[in-house]
Amino acid sequence: MKFLYRSFSKLLSRWNFYFIRSLLYDPKDRILLKENLDFVRHKILELCSAEIDKNKVSGDVAELGVYKGDFAKEINEVFPNKTFFLFDTFSGFDKKEMEKDQQQFGTNYQCFSDTTIELVRKRMKYPDLCVFKKGYFPDTTNDMDNKFCFVSIDVDLYDPIINGLNFFYPRLEKNGYIFVHDFNNKEFKGARTAVIEYCLQNNIGYVPIPDVSGSVIITK
Ligand SMILES: C[S@@+](CC[C@H](N)C(=O)[O-])C[C@H]1O[C@@H](n2cnc3c(N)ncnc32)[C@H](O)[C@@H]1O
């Protein structure tokens, strides 16, 4: 059945018609295509990058939680003139952070260790713009005083999301955006808790979006 779905989806995509894969928390099985990208998230990224461009928002772009670079590839493509910082251990979750989330939120996580910087770099359209920050975040930010116009936080767990917001939000330019993945994903309850706590404490608004994993967008 999935094969039929996929073939039909591929066929339709030639004319720019798409089946959109369901939200993970939505039981309906709809399918997406174009290398499995998340159509809603991709389109919102395009729109946000266009706003950043139109408003001439300065600052760099970043992703915290890169893994094999699926979303990083899209970010790099829509920001052809921006330095792109890619933060990841490139060896999977920090053990302590993972165990803490498992205890607190009862979730089991994939390891994410099967990746390398070279693998990710090869997938980038503008590799020369990419600065890889390998290691435990936020230790990898010690030498940085950059400002940002766009940030994707996709680290699944409570601690690195809070650390990511603590680092990036004060450095976000006006009219810039932060996407946080998994806000509305029942599998990753720490993500939702981290965003709500940080936004409440700092009096920040956010917009949940209906992408595959239920991301949320924060702006300034
Ligand atoms: C869900 S994956 C990222 C998926 C990726 N954004 C994509 O488009 O496929 C989560 C990543 O966060 C990274 N990560 C989690 N906690 C981290 C931390 N404290 N420091 C650095 N990287 C971390 C993991 O190594 C993993 O690669």
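Scroll up to find the structure this text is about.
Residues numbered from 1 in each chain as written. Predicted model: local features only at pLDDT ≥ 70, side-chain atom pairs only at ≥ 80, totals over all residues. Heavy atoms only, no water.

J.: Would you mind showing me how to read a nonpolar patch on the surface here?
T.: A cluster of nonpolar side chains, Phe8, Leu11 and Trp15, forms an exposed patch at the surface whose accessible area comes to about 340 Å². Secondary-structure assignment places Phe8 in helix H1 (residues 2-13). (Patch = residues over 30% accessible without salt bridge, like charges linked within 9 Å, V, L, I, M, F, W, Y side chains within 5 Å. Areas by Shrake-Rupley, 256 points an atom, 1.4 Å probe, with all protein chains shown as cover. Salt bridge = Lys/Arg side-chain N within 4 Å of Asp/Glu carboxyl O. Helix = DSSP H or I, 4+ residues; strand = E, 2+ residues; numbered from the N terminus.)

J.: Explain the pattern of salt bridges to me, please; I cannot follow it from the model alone.
T.: Opposite charge on two side chains permits them to pair, given that their charged atoms come into close proximity. Tallied over the entire structure, the rule returns 9 salt bridges. Measuring nitrogen to oxygen at the nearest pair gives 3.1 Å for the salt bridge that ties Glu46 to Lys43. With Glu46 and Lys43 both in helix H2 (residues 39-54), this residue pair falls 3 residues apart, about one helical turn. A relative accessible area of 33% places Lys43 in the partly exposed class. Two residues, Glu99 and Lys95, come together in a salt bridge whose shortest N-O distance is 3.2 Å. Placement of the pair is Glu99 and Lys95 together in helix H4 (residues 95-105), with a separation of 4 residues, close to one helical turn. Among the residues examined, Lys95 registers a relative accessible area of 59% and is labelled exposed. (Buried < 20%, exposed > 50% of the residue type's maximum accessible area, 1.4 Å probe, protein only.)

J.: I keep staring at H4 and nothing clicks. Help me out?
T.: Along an α-helix, a turn takes 3.6 residues, which lines up residues three or four apart on a common side. Along H4, the residues classified as buried are Glu97, Met98, Asp101 and Phe105. The buried residues of H4 occupy an angular sector of 100 degrees when the element is viewed end-on, so they sit on one face. When the buried face of H4 is taken as reference, the exposed residues oriented beyond 90 degrees from it are Lys95, Lys96 and Gln103. As for H4, its buried residues are in contact with helix H6 (158-168) and helix H7 (189-202). N-capping of H4 is provided by Asp94, with a side-chain oxygen placed 3.3 Å from the backbone N of Lys96. Where H4 ends, the next residue or the one after it, Gly106, has phi of about 65 degrees, a positive value. (Arc of directions from axis to C-beta. Contact = heavy atoms within 4.5 Å. Polar contact = N/O pair within 3.5 Å; in protein donor to acceptor, adjacent residues only side chain to side chain.)

J.: Got a minute to help me understand unusual backbone geometry in this structure?
T.: As a rule of thumb, non-glycine residues mostly have phi less than zero, and peptide bonds are mostly trans rather than cis. Cis geometry is adopted by the peptide bond preceding Pro138, which originates at Phe137 and carries an omega value of 20 degrees. Tracing the backbone through its elements, the reader meets Pro138 in the loop between strand S3 (130-134) and strand S4 (148-153). Of note in the backbone geometry, Lys56 takes a positive phi value of approximately 50 degrees without being a glycine. Note that Lys56 resides in the loop between H2 and strand S1 (60-64). Positive phi is not limited to glycine here, since Asn203 has a value of about 55 degrees. Among the structural elements, Asn203 can be located in the loop between H7 and strand S6 (206-208). Owing to a relative accessible area of 73%, Asn203 belongs among the exposed residues under this scheme.

J.: Is there a simple way to think about the packing of aromatic side chains in this case?
T.: Within a pair of aromatic rings, the relevant descriptors are the distance that separates the centres and the angle that separates the planes. Here the structure, examined in full by the defined rule, presents 18 aromatic pairs. With a centroid separation of 5.8 Å and an interplanar angle of 75 degrees, the aromatic rings of Phe87 and Phe168 are classed as edge-to-face. With Phe87 in strand S2 (residues 84-88) and Phe168 in helix H6, this residue pair connects regions lying 81 residues apart in the sequence. The two residues Phe87 and Phe168 agree in class, both being buried. A centroid spacing of 5.4 Å and a plane angle of 85 degrees characterise the contact between Phe93 and Phe112, whose relative ring orientation is edge-to-face. Taken together, the residues Phe93 in the loop between S2 and H4 and Phe112 in the loop between H4 and helix H5 (117-123) connect sequence positions 19 residues apart. (Phe/Tyr/Trp six-rings, centres within 6.5 Å; stacked < 30°, edge-to-face > 60°.)

J.: Teacher, can you tell me more about the site of the ligand here?
T.: As a matter of local geometry, the ligand sits amid 19 residues, with Gly65, Phe71, Asp88, Phe137 and Asp154 nearest to it. The separation between an oxygen atom of the ligand and a polar side-chain atom of Thr89 is 3.2 Å. Within the contact set of the ligand, a nitrogen atom lies 2.8 Å away from a side-chain nitrogen or oxygen of Asp154. Considered on its own, the ligand offers 600 Å² of accessible surface; in the complex 95% of this is hidden by protein. Residues belonging to the shell around the ligand are distributed by class as follows: 9 nonpolar, 4 polar and 6 charged. (Near = heavy atom within 4 Å. Nonpolar A, V, L, I, M, F, W, Y, C, P; charged D, E, K, R; others polar.)

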